[in-house]
Structures are given as structure tokens and as C-alpha cells.
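Chain residues, written in single-letter form:
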Amino acid sequence: MQLFHSAACDASGNGQGATFLTEVVVGTDGAGNATFNTTIANPLTTGVITATATNNSTGNTSEFSQCKAVAGAALPPDLSVTKSGPASINVGATFAYTIVVTNTGGSNATGVVVTDALPAQVTFVSATSTQGTCSGTTTVTCTASDARGNTGFARFEVVVKDATAPVLTLPDTITTEATSSAGADVTYTATATDLVDGARDTSCSPASGATFAVGSTTVTCTATDASGNAGSGTFLVNVVDTTAPTLTVPGPVVVANATSPLGAAVSYTATATDSVAGDVAPTCSAASGSVFAIGGTTVTCTATDSHGNTSAAQTFTVEVKGAVEQLSDQLQVVTSWKIPGHLVEIRTKGPLWSLTQAKPKVNLACQLIRDFESQLGGTLGQTLTATQREWVLDQLTRIYAVIGCVTPA
Ligand SMILES: [Ca+2]
Ligand SMILES: [Ca+2]
């Protein structure tokens with residue numbers, strides 16, 4: 001018996017064998033049937049087998065048998081996988097790579113699953129395949145059935161992710177002088193650049209141009225790139241008050257008439273203003289309104305703001321006139337009145353003379369003032385206007401007290 005292999009059967013259901021496979025010698029039973037086993041060199045996976053039989057005794061050969069499909073075990077699938085893509089790509093760009101599955105085995109592959117885990121630096125966009133379907137975003141899985149001898153591929157599109165935050169460029173610590181009690185308006189420049197997106201807007205708090213209070217303020221700035229990566233940074237703004245208050249004191253001399261032997265209570269005005277602290281009360285060596293002795297007293301003032309800045313000291317003199325000076329002033333005034341007979345001048349000169357002697361004649365001065373006052377109530381007073389008379393009387397009353405005169409009982 002000779003066995004042949006053909007790719008396909010004739011339409012008749014049998015037919016001429018195409019390729020000789022092997023021959024075996026068999027003995028038939030009484031009915032002409034025989035059973036046999038044989039092995040062929042090259043396993044078959046497709047097509048049909050036909051046979052012819054030859055009677056070794058007679059040499060008669062049969063027609064070709066009916067076709068029998070090859071039913072033997074096929075060779076297993078043999079899958080290979082290759083992966084290819086660009087050699088380099090730019091951050092932020094979309095690129096594609098391809099995974100190719102080839103089946104070089106002797107049978108179909110079913111339930112083929114190809115998985116590809118994406119690196120953290122990329123973002124999945126899409127995946128397409130020539131066979132089956134693909135799904136997933138971080139690990140993409142493609143499933144297919146692959147006929148033997150077939151090549152299938154999956155195409156992956158991914159974007160290289162931008163995982164780097166923008167870099168901020170911030171000022172160094174800013175130190176500036178306060179301009180008001182609120183502090184100072186401070187402007188600054190803060191920028192940010194991203195590797196992928198270029199220049200980015202920067203948001204800072206407090207904003208540039210804001211009023212910063214006296215003291216130290218931390219400014220926090222942030223910038224975000226198009227992929228949502230946020231960068232941040234801080235810097236300090238120090239608003240300081242190093243300026244002393246501006247001090248104003250009275251002119252060089254404040255003059256007052258003594259009202260008693262102790263002198264006089266003298267008021268003066270000294271002020272100070274500070275750009276931050278506002279009005280500041282000066283500190284003076286003798287307060288306004290206190291009693292200053294007859295003669296000159298030097299008053300020294302300074303002003304210190306709330307941040308400890310002290311102005312330079314300024315001085316002025318409080319001059320308190322005693323009885324002699326007051327009588328001299330009075331003499332000058334009454335002389336200027338040019339009263340006929342000069343009696344008022346003469347009466348003023350009397351106590352002045354008494355007090356300016358090497359050994360002042362105090363009691364005499366007191367007596368002369370009492371006499372002067374008495375005469376102003378008579379004919380002497382009639383040489384003056386009422387206003388002049390009142391003024392002289394006021395003078396005399398005060399000078400009398402300054403001398404410390406005691407009116408006899
Ligand atoms: Ca970035
Ligand atoms: Ca100040």
C-alpha cells in the first residue's frame with residue numbers, strides 16, 4: 001500500500017496523490033480488509049491523504065482511495081514579540097511605538113495577550129491594533145487570536161509627561177525704610193520659567209506694590225506649568241524705621257517776667273513728628289509750665305520714636321527777668337511816651353537806682369514803689385492815659401512782688 005499527500009481533495013472525493021509519503025506491506029483478511037500503523041518522516045498538519053494498493057501476487061494496482069483529511073496533531077504556535085519606537089523624543093511631545101507579534105508556529109494562537117506597562121514619565125494617549133482590541137492607560141493590554149504564519153501589531157501613542165515644576169526667580173531679601181505708619185509700598189519682580197512651557201505667570205502674596213507693615217513679611221510665590229506641576233518659593237520683605245523724629249523747639253530764647261522771687265512759670269511749645277509714629281512728645285530737661293528761676297535756664301529736648309530712634313538734642317534758653325530788668329523795661333516804655341515833665345520816668349528811676357547799688361537798698365525800693373503807686377492815684381496819674389496808668393500799675397504790682405516787698409501793717 002502506498003500513501004500520498006495532497007493539499008486538497010479532488011471534487012470526486014478521491015484523486016491522484018500529489019506527494020508520495022511511504023509504502024507498507026499488509027495482509028488482508030478474508031473480507032479483504034487490513035489494519036496497519038506506520039510513521040512518516042515529516043508530520044502533516046494540513047491537506048488530505050490518499051492511498052493505492054497493489055497485489056504483490058498479480059501486480060494489479062487499485063484506483064486511488066477516497067481522501068482522508070489529515071487529523072494528526074499540529075505543531076504548537078511560536079510567538080515572537082518585537083517593540084520599536086523613536087530613539088529620542090522631546091518632553092511634552094507625542095510619539096508612537098509599535099509592538100509586533102509574529103506567529104511562526106505550526107498552529108493558530110488564541111487568546112494572545114500582550115501587556116506593556118508605561119513608564120511614569122509618559123501619559124497614555126491611544127493604542128490601536130491590527131487584530132483584537134487594546135485597553136488600559138498605565139498598563140496597556142492587547143488581546144488577539146493570531147493565525148499561524150500571521151503578523152499582528154499594536155501601535156501605541158503616548159505623550160512624554162512633563163513632571164518638572166517651573167523654576168521661580170525671586171528677589172533676595174528686600175529691606176526698605178517705612179514711609180508712613182502703615183509701612184511702605186514695596187514693588188518687586190518675580191518670574192518663573194518652565195522647561196517645557198517657557199515663561200509662566202507667577203502669583204505672589206502679598207503682591208508687588210502692596211503696602212508692607214513695619215517688620216518682616218514673608219512673600220510666597222507660586223507658578224504652575226501647563227501640566228499642573230507647581231513650583232513655589234519665598235523671600236523676605238523687611239520694612240524698617242531707622243529715621244528719628246523731626247524735633248522743633250522754640251527760638252533761641254523764651255523771655256518772661258518773673259512774678260515772684262522764685263521766678264515765673266513759663267510755658268513753651270516743643271513738638272516732634274515721625275514719619276511712622278506720627279506726633280511724638282519730646283522729652284525736655286524742664287517741662288513747659290514749670291517754674292523757671294530768674295536768669296537764664298538752658299532747656300535740652302530730644303524726641304524718640306516707637307522704634308527707638310532718637311533725634312539729635314536741641315536746646316533753647318528760658319530767660320526770666322528780675323526786678324531790675326523789669327524796671328529798666330518800664331523806664332524804656334514810659335520814656336517813649338514823652339510825658340511832659342518826665343515825672344513818670346523819674347519815679348521809675350528811683351527803685352531802679354535803689355536796686356542797682358553795690359549794696360541794693362531793697363526796703364527803699366519797696367517804699368519808692370508804694371509812693372509811686374500812691375502818686376498815680378493823684379495828679380501824677382492825670383498826666384497819663386487810663387491805659388498807660390493801668391499798665392504802669394500792673395508793672396509796679398508785679399515788680400513789688402518780685403522784689404519780695406512786704407507792705408507795712
Ligand atoms: Ca514643567
Ligand atoms: Ca521713625
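Bear in mind the structure is a predicted one, so any value in this text is a computation, not a measurement. (Residues numbered from 1 in each chain as written. Chains lettered and ligands numbered in written order. Predicted model: local features only at pLDDT ≥ 70, side-chain atom pairs only at ≥ 80, totals over all residues.)

Asker: Looking at this model, I keep getting lost on the domain arrangement of the protein. Mind explaining?
Answerer: A common way to state how big an interface is: give the accessible area lost once the parts meet. Assigned domains of the protein: these are domain 1 (1-73), domain 2 (79-160), domain 3 (167-240), domain 4 (246-321) and domain 5 (323-403). When each unit is reduced to the centre of its C-alpha atoms, the spacing between domain 3 and domain 4 is 46 Å. (Domains from an automatic or database assignment.)

Asker: Could you clarify how one ought to interpret the pairing of strand β3 (residues 48-52) in this entry?
Answerer: Regular strands place their side chains on alternate faces of the sheet. Note: strand β1 (residues 2-6) against β3, five bridges, orientation antiparallel. Bridged to His 5 within β3 is Ile 49. (Pairing = 2+ DSSP bridges. Helix = DSSP H or I, 4+ residues; strand = E, 2+ residues; numbered from the N terminus.)

Asker: Even after reading the chapter, I still don't get the environment of Thr 211, so can you show me in this structure?
Answerer: Positionally, Thr 211 belongs in strand β18 (residues 211-212). A tally of 13 C-beta atoms within 10 Å means that Thr 211 is categorised as partly exposed. When the C-alpha positions of Thr 211 and Ala 386 are compared, they lie 65 Å apart, and in sequence the two are 175 residues distant. Excluding residues within four positions of it along the chain, Thr 211 makes contact with Ala 182, Gly 183 and Asp 185. (Buried ≥ 20, exposed ≤ 12 C-beta atoms within 10 Å, placed from the backbone. Contact = placed C-beta atoms within 7 Å.)

Asker: Which parts of the structure should I look at to understand the nonpolar core?
Answerer: Inside soluble globular proteins, nonpolar side chains tend to come together where they are buried. The biggest cluster of nonpolar side chains holds 48 residues, and the ones touching the most others in it are Ile 369, Ile 399 and Ile 403. Of all elements in the fold, only β19 (215-224), β20 (230-240), β28 (295-302), β29 (314-321), α1 (323-337), α2 (343-355), α3 (362-376) and α4 (386-403) reach the threshold of two or more residues within this core. With residues up to four places along the chain from it excluded, the contact list for Ile 369 reads Pro 351, Leu 396, Ile 399, Tyr 400 and Cys 405. Membership of the second largest hydrophobic core comes to 11 residues, among which are Ile 99, Ala 144, Ala 154 and Val 158. (Core = buried A, V, L, I, M, F, W, Y, C linked by C-beta atoms within 7 Å.)

Asker: How should I be thinking about the environment of Thr 45 in this particular structure?
Answerer: By secondary structure assignment, the location of Thr 45 is in the loop between β2 (19-23) and β3. A C-alpha to C-alpha distance of 6.4 Å links Thr 45 and Val 70, two positions 25 residues apart in sequence.

Asker: Explain the sheet that holds β3 to me, please; I cannot follow it from the model alone.
Answerer: What holds strands together in a sheet is hydrogen bonding between their backbones, with the strands either parallel or antiparallel. Strand order in the open sheet formed by four strands is β2-β1-β3-β4, with antiparallel pairing between adjacent strands. Each edge of the open sheet carries a strand with a single partner, namely β2 and β4 (68-69).

Asker: Looking at this model, I keep getting lost on unusual backbone geometry. Mind explaining?
Answerer: Residue Pro 206 is reached from Ser 205 by a cis peptide bond, and omega for that bond is -5°. Of note, Pro 206 is situated in the loop between β17 (203-205) and β18. A positive phi angle is found at Lys 338, which is not glycine, with a value near 55°. Among the residues examined, Lys 338 registers 8 C-beta atoms within 10 Å and is labelled exposed. You will see that His 342, though not glycine, has its phi angle at about 55°, which is positive. Checked against the element boundaries, His 342 lands in the loop between α1 and α2. For His 342, a count of 15 C-beta atoms within 10 Å corresponds to the partly exposed category.

Asker: Explain the pairing of strand β15 (residues 191-194) here, please?
Answerer: Residues Ala 192 and Asp 194 line the buried face of β15, whereas the alternating positions Thr 191 and Thr 193 sit on a face that is not buried. With three bridges connecting them, strand β12 (residues 167-169) and β15 associate as antiparallel partners. Across the sheet, Thr 169 pairs through a bridge with Thr 191, a residue of β15. Here β15 runs beside strand β16 (residues 198-200); their pairing, made up of three bridges, is antiparallel. When the sheet's bridge partners are listed, Thr 193 is paired in β16 with Ala 199.

Asker: Any chance you could explain the environment of Glu 23 here in plain terms?
Answerer: As for its placement among the helices and strands, Glu 23 is situated in strand β2. The partly exposed category is assigned to Glu 23, around which 13 C-beta atoms lie within 10 Å. C-alpha separation for the pair Glu 23 and Ala 365, spaced 342 residues apart in sequence, amounts to 176 Å. Those residues in contact with Glu 23 that lie beyond four places of it in its chain are Met 1 and Gln 2.

Asker: Would you explain α4 in this entry?
Answerer: Each α-helix winds once per 3.6 residues, and so residues spaced three or four apart point in a common direction. The end-to-end C-alpha distance of α4 is 26 Å, a good match for the 26 Å that 18 residues give at a rise of 1.5 Å each. Regarding α4, the residues found buried are Val 392, Gln 395, Leu 396, Ile 399, Tyr 400, Val 402 and Ile 403. Summarising the axial view, the buried residues of α4 lie within an arc of 155°, below the 170-degree limit, and thus occupy one face. Among the exposed residues of α4, those oriented more than 90 degrees off its buried face are Ala 386, Thr 387, Glu 390 and Asp 394. The inward-facing, buried residues of α4 abut α1, α2 and α3. Directly after α4, the chain includes Gly 404, whose backbone phi takes a positive value near 90°. (Expected span 1.5 Å × (residues − 1). Arc of directions from axis to C-beta.)

Asker: Before we go on, may I ask you to explain α3 in this structure?
Answerer: Helix length check: α3, at 15 residues, gives a terminal C-alpha distance of 21 Å against a target of 21 Å (1.5 Å per residue), a fit within 8%. Buried residues along α3 sit in contact with α2 and α4.

Asker: Explain the packing of α1 against α2 to me, please; I cannot follow it from the model alone.
Answerer: Packed helix pairs are characterised by how far apart their axes lie and by the angle those axes make with each other. Between α1 and α2, the least distance of the axes is 9 Å, while the angle of their chain directions is 160°. Between α1 and α2, the angle is such that the two are roughly antiparallel. Helix-helix and strand crossings are classified by hand; for α1 and α2 the assignment is left-handed. Contacts between α1 and α2 involve Ala 323, Val 324, Leu 327, Ser 328, Gln 330, Leu 331, Val 334 and Thr 335 from the first element and Val 344, Glu 345, Thr 348, Lys 349, Pro 351, Leu 352 and Leu 355 from the second. Broken down by class, the residue content of the contact of α1 with α2 amounts to nine nonpolar, four polar and two charged. (Axes fitted to C-alpha atoms, helices over the stretch in contact; angles between N-to-C directions. Parallel < 35°, antiparallel > 145°, perpendicular 65-115°, else oblique. Left-handed = near helix turned anticlockwise from the far one by under 90°. Nonpolar A, V, L, I, M, F, W, Y, C, P; charged D, E, K, R; others polar.)

Asker: Explain the sheet that holds strand β21 (residues 246-248) here, please?
Answerer: Taken in spatial order, the three strands make up an open sheet running β21-β24-β25, and their pairing is antiparallel. Two strands bound the open sheet, and with one partner strand each, they are β21 and β25 (278-280). Each strand axis lies, on average, 25° off the axis of its neighbour in the sheet, ignoring direction. Note: strand β24 (residues 271-274) against β25, three bridges, orientation antiparallel.

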